[in-house]
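Per-entry structural report
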Amino acid sequence: MLKFYQKKELAIAYTLIHTIHIFSVFIYGGFLFVDILFLSKMSQTLNEKETVKAKEAIMIHVRKVVPYALMVAVASGLFLLFKIFGEIAPEGMNSFQVLLSIKAFLGLWLGFRGINQKFFGINPWIFKKHIFPFILVVIIILLSQLMYI
Ligand code: HEM
């Protein structure tokens, strides 16, 4: 049985990791929103050579931060998952556990793609464009709220 101060420490640790989770997905998801909603429109006003140059001028900085933000999101998410998932009842998972499991699976899939690409230079086999992680992030954010209904 946890003592009071251990509960308080756990609550502080949980809140801290939860905050780190929100910031890391803010950076990762934020880049995907900017890329899909804005950067992809550059070719409407710039010619091909200028578009490639302008995009690369941004991507050299993105590559230094966004893949790591994704990895922090996955690591912090795993911590939160093990703390919040709870026991599975004999009759099976409740709706919170089912939706959280789907959210964790989609997040881990993105993490696996990101780690493969960043550390092993293995590009995604399917859905190579950023529209795929963008759609997954939108679904994950919706699940992160729906799971509490
Ligand atoms: C890139 C992928 C991910 C995104 C965009 C994402 C996004 C979010 C968002 C928006 C929340 C809600 C925050 C709130 O309302 O307080 C959240 C909470 C959570 N996420 Fe993620 N997440 C991702 C990956 C993961 C992974 C891989 C896991 C587990 C393996 C995970 C586990 C959790 C848990 C357990 C919570 C609930 C925390 C709580 O409400 O106390 N997440 N996530």
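Anything mentioned here points back to the structure above.
Residues numbered from 1 in each chain as written. Predicted model: local features only at pLDDT ≥ 70, side-chain atom pairs only at ≥ 80, totals over all residues. Heavy atoms only, no water.

**Observations regarding the overall build of the chain**
Secondary structure assignment for the chain yields four helices and zero strands. In terms of overall dimensions, the chain is more spread out than a globule: its C-alpha atoms have a radius of gyration of 18 Å, far above the 15 Å expected for 149 residues. For the chain, the spread of C-alpha atoms along the principal axes amounts to about 65 × 35 × 30 Å. Considering only intrachain contacts with a sequence separation of at least 6, the fraction spanning at least 24 residues in the chain is 68%. (Helix = DSSP H or I, 4+ residues; strand = E, 2+ residues; numbered from the N terminus. Rg over C-alpha atoms; globule rule 2.2 N^0.38 Å. Contact = heavy atoms within 4.5 Å.)

**Points about a nonpolar patch on the surface**
A contiguous nonpolar surface patch, about 980 Å² in accessible area, is contributed by Tyr68, Phe112, Ile115, Phe119, Phe120, Ile122, Trp125, Ile126 and Phe127. Assignment of secondary structure puts phenylalanine 127 in the loop between helix H3 (95–120) and helix H4 (131–146). For phenylalanine 127, a relative accessible area of 45% translates into the label partly exposed. (Patch = residues over 30% accessible without salt bridge, like charges linked within 9 Å, V, L, I, M, F, W, Y side chains within 5 Å. Areas by Shrake-Rupley, 256 points an atom, 1.4 Å probe, with all protein chains shown as cover. Salt bridge = Lys/Arg side-chain N within 4 Å of Asp/Glu carboxyl O. Buried < 20%, exposed > 50% of the residue type's maximum accessible area, 1.4 Å probe, protein only.)

**Points about the site of the ligand**
As a structural note, the neighbourhood of the ligand is formed by 22 residues, with Tyr14, His18, His21, Lys103 and Tyr148 the closest of them. One of the side-chain nitrogen or oxygen atoms of tyrosine 148 is found 2.5 Å away from an oxygen atom of the ligand. Only helix H1 (4–37), helix H2 (48–84), H3 and H4 provide two or more residues apiece to the shell around the ligand. Residue classes in the shell around the ligand are distributed as 15 nonpolar, six polar and one charged. (Near = heavy atom within 4 Å. Polar contact = N/O pair within 3.5 Å; in protein donor to acceptor, adjacent residues only side chain to side chain. Nonpolar A, V, L, I, M, F, W, Y, C, P; charged D, E, K, R; others polar.)

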